Structures are given as structure tokens and as C-alpha cells.
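Examining the three-dimensional arrangement
Given next are the chains, with one letter for each unit.
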Amino acid sequence: MKLSCREASRLISAGMDRPLSAAEHIKLRMHLLLCGNCREFSHQLTTLRQAARKAGRGE
Ligand SMILES: [Zn+2]
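Described below are features of the structure shown in this document. It should be emphasised that the depicted structure is a prediction, and the values quoted were computed from it without experimental measurement.

Cut-off values and rules
Residues numbered from 1 in each chain as written. Predicted model: local features only at pLDDT ≥ 70, side-chain atom pairs only at ≥ 80, totals over all residues. Heavy atoms only, no water. Donors = N, O, S within 2.8 Å, 3.2 Å for Na, K, Ca; no water. Tetrahedral: all angles 85-135°; square planar, octahedral: opposite > 155°, others 65-115°. Buried < 20%, exposed > 50% of the residue type's maximum accessible area, 1.4 Å probe, protein only. Helix = DSSP H or I, 4+ residues; strand = E, 2+ residues; numbered from the N terminus. Expected span 1.5 Å × (residues − 1). Arc of directions from axis to C-beta. Contact = heavy atoms within 4.5 Å.

Thoughts on the coordination of the zinc ion
Here the zinc ion is held by Cys5 (SG), His31 (NE2), Cys35 (SG) and Cys38 (SG), and the distances to it run 2.0 to 2.4 Å. One way to put it: the four donor atoms around the zinc ion meet at angles of 102 to 113°, and that makes the site tetrahedral. On the primary sequence, the residues serving as donors to the zinc ion are separated as C-x25-H-x3-C-x2-C. Judged on exposure class, the residue His31 and its partner Cys38 are both buried.

The structure is reproduced here in C-alpha cells:
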């Protein structure tokens, strides 16, 4: 089953807040392999998250 970009970005966001199930994780990884847009989105979200965490610690 193929993931749409919409579903992929939803999983990327969800994965920031909770661990993804194995099935979700695999589907997302497959999509990210094929889709540069979502790869970029995932990267940006991760970077944002890390920056927010750093700011929260007062760094
Ligand atoms: Zn995509």
C-alpha cells in the first residue's frame, strides 16, 4: 500500500509526538525513499524540533 504525501506528512508529525508503529514506520520510510519533498519536510521538522528543545533548555 502506497502512502500519499498527505498521509506521510501526517505520520512525520505524529512521529514527533509518539513512537510510530512498525507498520507506520515502514510505510513512512518507503515513502521518504521515493519522495524528496517529504524527505525535506521531515528534515525541517526534525531540525525545528531540535531547535525548540534547545531553546527550552535555555541554550
Ligand atoms: Zn511525499
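Some details on helix α2 (residues 22-34)
The end-to-end C-alpha distance of α2 is 19 Å, a good match for the 18 Å that 13 residues give at a rise of 1.5 Å each. For α2, every residue scored as buried is listed here: Glu24, Leu28, His31 and Leu32. End-on view of α2: buried residues confined to an arc of 100°, all on one side of the axis. Exposed side chains of α2 directed beyond 90 degrees from the buried face belong to Ala22, Ile26, Arg29, Met30, Leu33 and Leu34. For α2, the secondary structure elements touched by its buried residues are α1 (5-17) and α3 (36-56).

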